[in-house]
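Inside the fold
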Amino acid sequence: GKNYMKTIQINGKKYQGAEMTFNNVCRMEEMDAPITYGAKVSFSMLRAYLALCMNTSKENAGEELEKHITNGGTMDELSEVMADAIETSDFFRKLQETTAEETPKVETEA
């Protein structure tokens, strides 16, 4: 539903966190963001997620993020909200499980 309540503050403006719905994950892919989950999240995935929250282009989101960081802000809050959105998304969790199961195992020869 539309009840995802976390917010992100960038350059003094508050934005509603975006839910990790199927369409939103696709929108992030369309912004050329590799959709990964775990310790290593790419800058482009964070930028795409911020673009969803801001309802803007990836370029505009990137400029806002750059200004935010240049002015002493961090990406911690953005990372945390995105991680939380992923964790609370039934769709994304199922997607991760399926992907994990389907990943072919690479056999290494002894």
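Turning next to the packing of helix H2 (residues 43–54) against helix H4 (residues 76–87). In contact at an axis separation of 10 Å, H2 and H4 are set at 80° when each is read in the N-to-C sense. Taken together, the axis directions place H2 and H4 in an arrangement best described as roughly perpendicular. Residue-level inspection shows Met45, Leu46, Tyr49 and Leu50 of H2 in contact with H4, the latter providing Leu78, Ser79, Val81, Met82, Ala85 and Ile86. Of the residues belonging to the contact of H2 with H4, the class tally is nine nonpolar, one polar and no charged.

Every second residue of strand E1 (residues 7–10) is oriented toward a common face, the buried set being Ile8 and Ile10 and the non-buried set Thr7 and Gln9. Direction of pairing for E1 relative to strand E2 (residues 13–16): antiparallel, over a ladder of four bridges. For Ile8, the partnering residue across the bridge sits in E2 and is Tyr15. Hairpin remark: E1 followed by E2, antiparallel, with two residues in the connecting loop; positive phi at Asn11, about 50°.

Taken as a class, soluble globular proteins show a tendency for nonpolar side chains to be buried jointly. Residues Met20, Met28, Tyr49 and Met82 are the most contacted members of the largest nonpolar core, which totals 28 residues. When residues of this core are traced back to their parent elements, those giving at least two are E1, helix H1 (22–30), H2, helix H3 (58–70) and H4. A per-element tally of this core places H2 first, with nine residues. Look past the residues within four positions of Tyr49 in its chain and what remains in contact with it is Tyr4, Ile8, Gly17, Ala18, Met20, Met28, Leu78, Val81, Met82 and Ala85.

Parameters and conventions
Residues numbered from 1 in each chain as written. Predicted model: local features only at pLDDT ≥ 70, side-chain atom pairs only at ≥ 80, totals over all residues. Heavy atoms only, no water. Axes fitted to C-alpha atoms, helices over the stretch in contact; angles between N-to-C directions. Helix = DSSP H or I, 4+ residues; strand = E, 2+ residues; numbered from the N terminus. Parallel < 35°, antiparallel > 145°, perpendicular 65-115°, else oblique. Contact = heavy atoms within 4.5 Å. Nonpolar A, V, L, I, M, F, W, Y, C, P; charged D, E, K, R; others polar. Buried < 20%, exposed > 50% of the residue type's maximum accessible area, 1.4 Å probe, protein only. Pairing = 2+ DSSP bridges. Core = buried A, V, L, I, M, F, W, Y, C linked by side-chain atoms within 4.5 Å.

These figures capture arrangement, not role.
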